[in-house]
Each structure stands twice: as structure tokens, then as C-alpha cells.
Amino acid sequence: MTHSNTNQMETNLIKVYDATLLSSSKVYQINGTYYRYLGDAGTIQHPQYLFVPLPNQRKKASFRLNRNKLMTRCYEVEGMVYQKPVVQNNSQQLQLF
């Protein structure tokens, strides 16, 4: 008996159980699509978490998850890191007041 899936790369998904651990440098899988985390919105009582699909994914629209949907649908893809594309001629400066 042979196993057909022995050469597939294992993707380890970690269930997101704490919204404070979300990071824009990590990659998340939601409903079979890879996303990156943009930030949160909404109110303290009703927070919403914003995600945008990575390039070359079938889905193109960003969307929000509330806390319950985040806990049931969102998985961190272990070992995958989102790296922002390097932009040469666009320098942005952030100032803190």
C-alpha cells in the first residue's frame, strides 16, 4: 500500500484563539485563502479585525471578521511570513507627537 501524500509539504495551521497575537507580518488562512492582517476597527465592545488577501490569491477583496468568526475561521500559517514589497522611490516618514 502506498501513500500518495508523502511528498506534499505539510502546512501547519495554528488556530487563532487570542486576537492580541495577530500580527501584520504573519500569514493567516481563512476559508482556504491566505491573508495578512491589516489592523482592527470597530469598538471595544464590538471589535472587528481587517484582513486583505495576499497577492496571487483567488479572492481579491479585503474583509472584516468579528471576534467570534476570528476564533472559528482564522488560522495562522506556521512558518510563513509576509514581507512587504520594497518600494524604492517612495519614502514615508512617520512622526509621533
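Residues numbered from 1 in each chain as written. Predicted model: local features only at pLDDT ≥ 70, side-chain atom pairs only at ≥ 80, totals over all residues. Heavy atoms only, no water.

Enquirer: Could you clarify how one ought to interpret the packing of aromatic side chains in this entry?
Expert: Aromatic ring pairs are defined here through the distance separating the ring centres and the angle between the ring planes. Under the definition given, this model contains 4 aromatic pairs. Plain terms: the ring middles of tyrosine 37 and phenylalanine 51 are 5.6 Å apart, the flat faces sit at 55° to each other, and that makes the pair tilted. Pair noted here: tyrosine 37 is in strand β3 (residues 33-42) and phenylalanine 51 is in strand β4 (residues 47-53), with a separation of 14 residues, a long-range link. A relative accessible area of 11% means that tyrosine 37 is categorised as buried. Within the aromatic cluster, the residues linked to one another by ring pairs are Tyr28, Tyr35, Tyr37, Phe51 and Phe63. (Phe/Tyr/Trp six-rings, centres within 6.5 Å; stacked < 30°, edge-to-face > 60°. Helix = DSSP H or I, 4+ residues; strand = E, 2+ residues; numbered from the N terminus. Buried < 20%, exposed > 50% of the residue type's maximum accessible area, 1.4 Å probe, protein only.)

Enquirer: Can you help me understand the pairing of strand β6 (residues 74-81) in this one?
Expert: Side-chain positions along a regular strand alternate between the two faces of the sheet. Sheet topology places strand β1 (residues 13-15) next to β6; 3 bridges connect them, and they run antiparallel. Across the sheet, residue leucine 13 finds its bridge partner in β6, namely valine 77. When strand β2 (residues 26-30) meets β6, the two strands line up antiparallel, connected through 4 bridges. Bridge assignment links glutamine 29 to a residue of β6, and that residue is tyrosine 75. (Pairing = 2+ DSSP bridges.)

Functional significance is not addressed by these values, which are geometric in nature.
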